[in-house]
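Here is what each chain is made of, one letter per residue.
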Amino acid sequence: MEIELKLLVASQDTEALRHHPLLKKYAISPPQILEMSDIYFDTAELNLCRCGAGLRVRKVGRDWIQTIKGGGSVEGGLHKRHEWESH
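The following refers to the structure shown.

Re the pattern of salt bridges
Between side chains of opposite charge, pairing is possible as soon as their charged atoms come close.
Part 1 of the argument: Scanning all chains against the criterion turns up three salt bridges.
Part 2 of the argument: Where Arg-18 meets Glu-15, a salt bridge forms, and the shortest distance between an N and an O atom there is 2.6 Å. Of the two residues, Arg-18 and Glu-15 are both situated in helix H1 (residues 14-18); the distance of three residues between them amounts to about one turn of the helix.
Part 3 of the argument: A salt bridge links Asp-38 to Arg-58; the nearest nitrogen and oxygen atoms lie 2.7 Å apart. Of the two residues, Asp-38 is situated in strand S2 (residues 36-41) and Arg-58 in strand S3 (residues 53-60); the sequence distance between them amounts to 20 residues.

Structure, rendered in structure tokens:
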């Protein structure tokens with residue numbers, strides 16, 4: 001089960017967010033900056049979306065990761081979903 005909090009941050013505010021006192025207080029390790037590219041897939045009829053699922057292929061550096069997500073819930077920007085990955 002993945003728990004993810006999605007935030008919408010203006011590009012000019014990313015540095016301030018990175019150094020926010022709450023992140024420093026609760027972080028278990030220093031922040032990491034990763035450059036990623038994502039491609040999402042679905043059928044023309046959006047069957048995956050209608051079932052509450054998502055299929056993503058992500059490139060991180062030279063590595064490709066395929067992920068399927070499904071089930072779970074979304075409340076106030078907090079996403080809790082099952083997730084399976086293949087490298």
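Overview of the pairing of strand S5 (residues 78-86)
Part 1 of the argument: As judged from the four bridges shared by strand S1 (residues 2-5) and S5, these two strands associate in the antiparallel manner. Counterpart to Glu-4 in the pairing with S5 is His-79.
Part 2 of the argument: When strand S4 (residues 63-75) meets S5, the two strands line up antiparallel, connected through eight bridges. In the sheet register, Ile-68 faces S5, and the bridge partner there is Trp-84.
Part 3 of the argument: Hairpin remark: S4 followed by S5, antiparallel, with two residues in the connecting loop; positive phi at Gly-76, about 55°.

Conventions we followed
- Residues numbered from 1 in each chain as written.
- Predicted model: local features only at pLDDT ≥ 70, side-chain atom pairs only at ≥ 80, totals over all residues.
- Heavy atoms only, no water.
- Salt bridge = Lys/Arg side-chain N within 4 Å of Asp/Glu carboxyl O.
- Helix = DSSP H or I, 4+ residues; strand = E, 2+ residues; numbered from the N terminus.
- Pairing = 2+ DSSP bridges.

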